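Overview (structure and organization)
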Amino acid sequence: MIIMKFGGSSLANAERIRHVVDIIKMHIDEKPLIVASAMGDTTDNLLEAVDRALSGKVCIKEIRKLHLATAEELEVNTDAIKELFDELKNLLSGISLIKEFSPRTKDYLVSFGERLSVRIVAGYLNRIGLEAKFFDAWDIGFTSTAVHNDGEILDESFAKINESLGHLENNYAFTPIITGFIAKNKNGNITTLGRGGSDLTASVLGAALHAKEIQVWKDVDGILTTDPRIVKHAQPVKNISFEEATELAYFGAKVLHPRSIVPAMSRKIPVRVKNSYNPTHPGTLILSRLDDKDEMLRVLTFKKNVTVVDIVSTRMLGQYGFLAKVFQIFDEQKISVDMLATSEVSISVTLDNKGNGIEGLKSELEKIANVNIKTGKTMITMVGNVKRSSEILERTFDVLNAGNINVQMISQGASKVNISFIIDDDEADPCIRELHKAFFENDR
Ligand code: ADP
Ligand code: ASP
Ligand code: MG
């Protein structure tokens, strides 16, 4: 069997759903299990509906219109989705009444997008005579950690998923359509896997069922050499290793959820990133082993709006005690670090938590160090063959020099597939374009 995951842009309207169903039909002999995201921008629209509810206005007009129009155009019975609209409206009325929006309520609220979507896709498949069943992920064993908004799938889910759907391998009686992105925790509350989490759902499902392949269908021809919103002519990458894919997702490439590769990697299940708008394009194949290791750079990625914290020891503690104390403070403040550079008396780190808790961190660190916090930075990461790091760095610094751009921090990951450096946000776009030119747009 194979897993086919379709993102929001692949399911934006009735026409796109028809295309998706054509793609599913082409793969029907491979016994596909389908993971669906919310339609189009529904997750964002749900979050906007909350902002309105908090200021006293309950309105789900846009969400209702998109889903009803789609279901009607596809001639799907609308009872199941209307029930969800009622539940959603009640929830928003509650929020507007008590003017409170907890992380738990947020997860419950955004879950409506995926729940609506699977009901429409399954309804349409059945209507055209292809037997399908929709599942909310918790019905088939997706249990996550109790942490809200960005939960992990618990190990015990793998066996439960196998129990629920493993039998389809030998007796494929219907096409399962499963909600991406959501799960329940052990207390029975709905949780999510973080934005873009449907990729992770697909990977967990593939790993649990030992699928032959996990296909992630998007609106681009695979993983591209960089973000096409910055470099329009970015090119698809044919093959990439699990390790490289993990790093590029973690270091900001929006194309994959940061933790989505891990389950597939642990069972060596190939992941293919495909374009539902261009289904004959081969896309990108993510594999455990690559034979074109000679390639210097595979992908250029970046994270904007990063905070850098420079921590310089006041020498109250010895070097060993200083490092230990600094990391103890990060641990106590529950702030995780992305990138790190140290010297004997100073440490620079970047933070990925959008500044949450930074004041508490600063006041604790100031007990042992001088602390300087700098915001508005961009971390650029070069993912590729770090065995050739000197060549990569030489070419990179040529570009930076020519553009008069100063690197403020640099680090080479121990995984040997990435080099990251920090520059100012306002230098980021031109820098990415020039680096892309230097690495991917000439025949050097
Ligand atoms: P979906 O939600 O349909 O699964 P996403 O929107 O999450 O898909 O991811 C696809 C988008 O990621 C693309 O439309 C593109 O704009 C963006 N993107 C950013 N960096 C890259 C990259 N290196 N390669 C491909 N797409 C990228
Ligand atoms: N619908 C969710 C989001 O927009 C999950 C996903 O698309 O994977 O983040
Ligand atoms: Mg996504």
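Refer to the structure presented above.
Residues numbered from 1 in each chain as written. Chains lettered and ligands numbered in written order. Predicted model: local features only at pLDDT ≥ 70, side-chain atom pairs only at ≥ 80, totals over all residues. Heavy atoms only, no water.

1. Some words on the site of ligand 2
Taken together, Ser37, Ala38, Thr43, Glu114, Phe181, Arg195, Gly196, Gly197 and Ser198 make up all the residues around ligand 2. One of the backbone N or O atoms of glycine 196 is found 2.8 Å from an oxygen atom in ligand 2. Protein contact buries 86% of the 270 Å² of open area that ligand 2 shows by itself. Residue classes in the shell around ligand 2 are distributed as two nonpolar, five polar and two charged. (Near = heavy atom within 4 Å. Polar contact = N/O pair within 3.5 Å; in protein donor to acceptor, adjacent residues only side chain to side chain. Areas by Shrake-Rupley, 256 points an atom, 1.4 Å probe, with all protein chains shown as cover. Nonpolar A, V, L, I, M, F, W, Y, C, P; charged D, E, K, R; others polar.)

2. Considerations on the site of ligand 1
Of all residues adjacent to ligand 1, which total 16 residues, the nearest are Lys5, Gly7, Lys218, Asp219 and Leu224. Taking lysine 218, its side chain carries an N or O atom lying 2.8 Å from an oxygen atom of ligand 1. Computed on the free molecule, ligand 1 has an accessible area of 570 Å², of which 84% lies beneath the protein chains in the complex. Here the shell around ligand 1 is built from residues that sort into five nonpolar, five polar and six charged.

3. Considerations on unusual backbone geometry
Look at lysine 31: it is not a glycine, yet its phi comes out positive at around 55°. Topologically, lysine 31 is positioned in the loop between α1 (14-26) and β2 (32-36). For lysine 31, a relative accessible area of 24% gives the class partly exposed. Phi is positive for asparagine 305, which is not a glycine, with a value near 60°. Looking at where asparagine 305 falls in the secondary structure, it is placed in strand β11 (residues 297-313). The exposure class assigned to asparagine 305 is exposed, which follows from its relative accessible area of 57%. (Helix = DSSP H or I, 4+ residues; strand = E, 2+ residues; numbered from the N terminus. Buried < 20%, exposed > 50% of the residue type's maximum accessible area, 1.4 Å probe, protein only.)

4. Points about the packing of helix α2 (residues 42-54) against helix α4 (residues 79-98)
Where α2 contacts α4, the axes come no closer than 8 Å and their chain directions differ by 40°. The angle between the axes of α2 and α4 places the two elements in the oblique class. Regarding α2 and α4, the two cross each other, and that crossing is right-handed. Each of Leu46, Ala49, Val50, Ala53 and Leu54 in α2 lies in contact with α4, whose residues at this interface are Leu88, Leu92, Ile95 and Ser96. Residue composition of the contact of α2 with α4, by class: eight nonpolar, one polar and no charged. (Axes fitted to C-alpha atoms, helices over the stretch in contact; angles between N-to-C directions. Parallel < 35°, antiparallel > 145°, perpendicular 65-115°, else oblique. Left-handed = near helix turned anticlockwise from the far one by under 90°. Contact = heavy atoms within 4.5 Å.)

5. Overview of the sheet that holds strand β14 (residues 369-384)
Read across the open sheet, the six strands follow the order β12-β13-β11-β14-β16-β15; overall the sheet is antiparallel. What marks the edges here is a single partner per strand, and that holds for β12 (337-342) and β15 (409-412). The average undirected angle you get between the axes of adjacent strands in this sheet is 30°. In terms of strand pairing, β11 meets strand β13 (residues 346-351) through six bridges, oriented antiparallel. Paired with valine 312 across the two strands is serine 346, which belongs to β13. Its contacts with the sheet put helix α12 (residues 389-402) on β11, β14, β15 and β16 (418-424), and the angle it makes with β16 is roughly 15°. (Pairing = 2+ DSSP bridges.)

6. As for the sheet that holds strand β4 (residues 175-179)
Within a sheet, neighbouring strands are paired by backbone hydrogen bonds and run either parallel or antiparallel to one another. Taken in spatial order, the eight strands make up an open sheet running β3-β4-β2-β1-β7-β9-β10-β8, and their pairing is mixed. Of all the strands in the sheet, just β3 (132-135) and β8 (239-241) have a single pairing partner and so form its edges. In this sheet, neighbouring strand axes are inclined to one another by 20° on average, regardless of whether the strands run parallel or antiparallel. Both strand β1 (residues 2-6) and β2 contribute to a ladder of five bridges, which runs parallel. Across the sheet, residue isoleucine 2 finds its bridge partner in β2, namely proline 32.

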